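Close look at the chain arrangement
Residues per chain, in single letters:
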Amino acid sequence: MANVLFVNACVRQEKSRTLKLARHFLAAYAALHPEDTVVERDVMVERLEPLYPDTLDYQERLLEEGRTDDPMFAAAHQFAAADKVVIAAPFWEQSFPAVLRVYLERVSGKNLSFYYDEAGGKHSLCHVRKLLFLTTRGGDFSAPEAQWLEMGANQLKAIAHSFDIPEFRTIAADGLDIVGNDVEQIMAKAMAECDEVAKTF
Ligand SMILES: Cc1cc2nc3c(=O)[nH]c(=O)nc-3n(C[C@H](O)[C@H](O)[C@H](O)COP(=O)(O)O)c2cc1C
């Protein structure tokens, strides 16, 4: 029985096409893996603050004192304990919405998601084995020559690597705001990919 964490950063909520994709994936996944538990974390609900000087000082003090049971670390503990994580976020400003970045700041931290051994080696404290990123984009960044402009999936891939998460995958619906594109067809293709990935995720 796997413990799946769904991180919802779809700011347009029920209007969001990314959320529609995520709900499709999660329904397909639940049908194939009824024994697994899926918990949703809606990053809009908490209104987490970025790490300003005082919040960073506070966080560092707590970590120095070993007070990792502080509510400030709830997101980090939840993330680290999951077997599989699904993150859904739209493509904004060549990346993803700031609320997701703030969430990731909270998830990442020394002695939370990783630790250094005495020789200075970095080790992950995350249990997560698989990370799936679901996104939709206004422009089309699927071509190899456009991928350097895409800092959402690429950033999460790097973060997954830094947490020693062995499997990272993205499902993206590209070009949804390009006039003349068949949005329904692009979404249907991404949903079919969700159905396939749900079998092995
Ligand atoms: C604030 C904002 C920023 C966006 N920035 C970009 C961008 O940099 N590049 C792009 O191709 N599309 C951009 N878009 C378009 C979205 O990627 C696209 O409409 C996406 O499908 C929205 O997902 P949603 O329906 O889940 O909200 C932006 C949209 C918004 C609202």
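Further up the page is the structure itself.
Residues numbered from 1 in each chain as written. Predicted model: local features only at pLDDT ≥ 70, side-chain atom pairs only at ≥ 80, totals over all residues. Heavy atoms only, no water.

Let's talk about the sheet that holds strand β3 (residues 84-88)
- Spatially, the five strands line up as an open sheet ordered β2-β1-β3-β6-β7, and their pairing is parallel. Edge strands, defined here as strands with exactly one partner in the open sheet, are β2 (37-42) and β7 (167-173). The mean angle between the axes of side-by-side strands here comes to 15°, regardless of whether they run parallel or antiparallel.
- With five bridges joining them, strand β1 (residues 3-8) and β3 adopt parallel strand pairing. Note on β3: the bridge partner recorded for Asn 8 is Ala 88. (Pairing = 2+ DSSP bridges. Helix = DSSP H or I, 4+ residues; strand = E, 2+ residues; numbered from the N terminus. Axes fitted to C-alpha atoms, helices over the stretch in contact; angles between N-to-C directions.)

Examining the nonpolar core
- In this structure, Val 7, Phe 79, Val 85, Ile 87, Leu 100 and Tyr 103 are the most contacted members of the largest nonpolar core, which totals 27 residues.
- Elements supplying a minimum of two residues to this core: β1, α2 (43-46), α4 (74-81), β3, α5 (98-107), β6 (130-136) and α6 (153-162).
- Aside from chain neighbours lying at most four places away, what touches Phe 79 is Leu 5, Val 85, Tyr 103, Val 107, Cys 126, Val 128, Phe 163 and Ile 165.
- Judged by nonpolar contacts, the second largest core, of 26 residues, contains Cys 10, Val 86, Cys 194 and Val 197. (Core = buried A, V, L, I, M, F, W, Y, C linked by side-chain atoms within 4.5 Å. Buried < 20%, exposed > 50% of the residue type's maximum accessible area, 1.4 Å probe, protein only. Contact = heavy atoms within 4.5 Å.)

As for helix α7 (residues 183-200)
- Helix length check: α7 (18 residues) gives 27 Å between terminal C-alpha atoms against 26 Å at 1.5 Å per residue, within 8%.
- Listed as buried for α7 are Ile 186, Met 187, Ala 190, Met 191, Cys 194, Val 197 and Ala 198. Angularly, the buried residues of α7 cover 135° about the axis, an arc narrow enough to put them on a single face. Relative to its buried face, α7 has exposed residues pointing more than 90 degrees away, namely Gln 185, Lys 189 and Thr 200.
- You can read the cap of α7 off the contacts: a side-chain oxygen lies 3.3 Å from the backbone nitrogen of Glu 184, and it is on Asp 182. (Expected span 1.5 Å × (residues − 1). Arc of directions from axis to C-beta. Polar contact = N/O pair within 3.5 Å; in protein donor to acceptor, adjacent residues only side chain to side chain.)

Description of the environment of Gln 147
- Mapped onto the secondary structure, Gln 147 falls in the loop between β6 and α6.
- For Gln 147, the residues in contact, after removing those within four places along its chain, are Phe 141, Ser 142 and Asn 154.

Looking at the site of the ligand
- Close to the ligand lie 16 residues, the nearest being Ser 16, Thr 18, Phe 91, Thr 136 and Asp 177.
- In this structure, Phe 91 approaches the ligand through a main-chain N or O atom, which is 2.6 Å from an oxygen atom.
- Contact between the ligand and Glu 93: a nitrogen atom at 3.0 Å from a main-chain N or O atom of the residue.
- Against a free-state accessible area of 640 Å², the protein chains account for coverage of 77% of the ligand.
- Here the residues of the shell around the ligand are counted per class, giving five nonpolar, six polar and five charged. (Near = heavy atom within 4 Å. Areas by Shrake-Rupley, 256 points an atom, 1.4 Å probe, with all protein chains shown as cover. Nonpolar A, V, L, I, M, F, W, Y, C, P; charged D, E, K, R; others polar.)

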